[in-house]
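Architecture and fold: a report
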Amino acid sequence: MVDGTPTWRSPSLARAVAELEAELELAWACLLAELDVAPGTPEETALGWLVADGPDEHDWRVVDAALDRLTCPLCGSTLTHGPVTCHRCAYYHGMRFAARETDRPNVSPGNEHAIRVSFAVARHRARYSPRARVGYELSLPGLVAGELPTTAQAQAAKALINKLTPGECDEVVTLAEVEALARTR
Ligand SMILES: [Zn+2]
């Protein structure tokens, strides 16, 4: 994580995020090697902006890795990690979703999209409401393991989450916990 050490909702979420962050690092290292760019050089930074401004040319891991390496010229934070009021961070956070998503073999189509969105939400949780982020954060470990909830399952989970208070949304660690709380309403 680029903004210090966050406390993740659960150990399984922490593991899923760490696994994906390692994939980001690998994807970036591969691009540098491919283009013969040395890490830590101005050329690397220039390449980062090129990728950030043309996300549709690259896999989302490469785009997210590029953003992690850039500093926002407006707020001085790692790009996209600044305050929600920073327009430049908001712009590039939105732009990232134009990146390419290629499903892994042997997973349901759309799994990769679900992973990249959930990962972005988990790492930029201040941009989302407690009710919005809980669903993404609870589903990420399963998505990384290759699962993809059906539309009906996703809607059922959403209905349960809507019965929780915002405070409860930020505290639950599993979907079973969401179900147990929702049953009392
Ligand atoms: Zn900013």
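What you are looking at is a predicted structure, and each value in this text was computed from that prediction instead of being measured. (Residues numbered from 1 in each chain as written. Predicted model: local features only at pLDDT ≥ 70, side-chain atom pairs only at ≥ 80, totals over all residues. Heavy atoms only, no water.)

With respect to the coordination of the zinc ion
- Only Cys-72 (SG), Cys-75 (SG), Cys-86 (SG) and Cys-89 (SG) from the protein coordinate the zinc ion, and they sit 2.3 Å from it.
- The site at the zinc ion holds four donor atoms, and with the angles between them running 103 to 117°, its shape is tetrahedral.
- Read N to C, the donor residues that coordinate the zinc ion are spaced as C-x2-C-x10-C-x2-C.
- By relative accessible area, which is 2% here, Cys-72 ends up buried. (Donors = N, O, S within 2.8 Å, 3.2 Å for Na, K, Ca; no water. Tetrahedral: all angles 85-135°; square planar, octahedral: opposite > 155°, others 65-115°. Buried < 20%, exposed > 50% of the residue type's maximum accessible area, 1.4 Å probe, protein only.)

Topic: the domain arrangement of the protein chain
- Domain annotation of the protein chain identifies domain 1 (10-100) and domain 2 (107-185).
- Computed from C-alpha coordinates alone, the two centres of domain 1 and domain 2 are separated by 24 Å.
- Each partner contributes to the interface: domain 1 provides 24 residues, whereas domain 2 provides 16 residues.
- Where domain 1 touches domain 2, the interface holds four salt bridges.
- Its salt-bridge partner being Asp-68, residue Arg-123 comes within 2.9 Å of it at the nearest N-O pair.
- At the junction of domain 1 with domain 2, the criterion picks out ten residue pairs in polar contact (both at pLDDT 80 or more).
- Those elements that place two or more of their residues in the side of domain 1 that touches domain 2 are helix H1 (11-35), helix H3 (60-68) and helix H4 (87-95).
- Ranked by residue count, the leading element in the side of domain 1 that touches domain 2 is H1, at eight residues. (Domains from an automatic or database assignment. Contact = heavy atoms within 4.5 Å. Salt bridge = Lys/Arg side-chain N within 4 Å of Asp/Glu carboxyl O. Polar contact = N/O pair within 3.5 Å; in protein donor to acceptor, adjacent residues only side chain to side chain. Helix = DSSP H or I, 4+ residues; strand = E, 2+ residues; numbered from the N terminus.)

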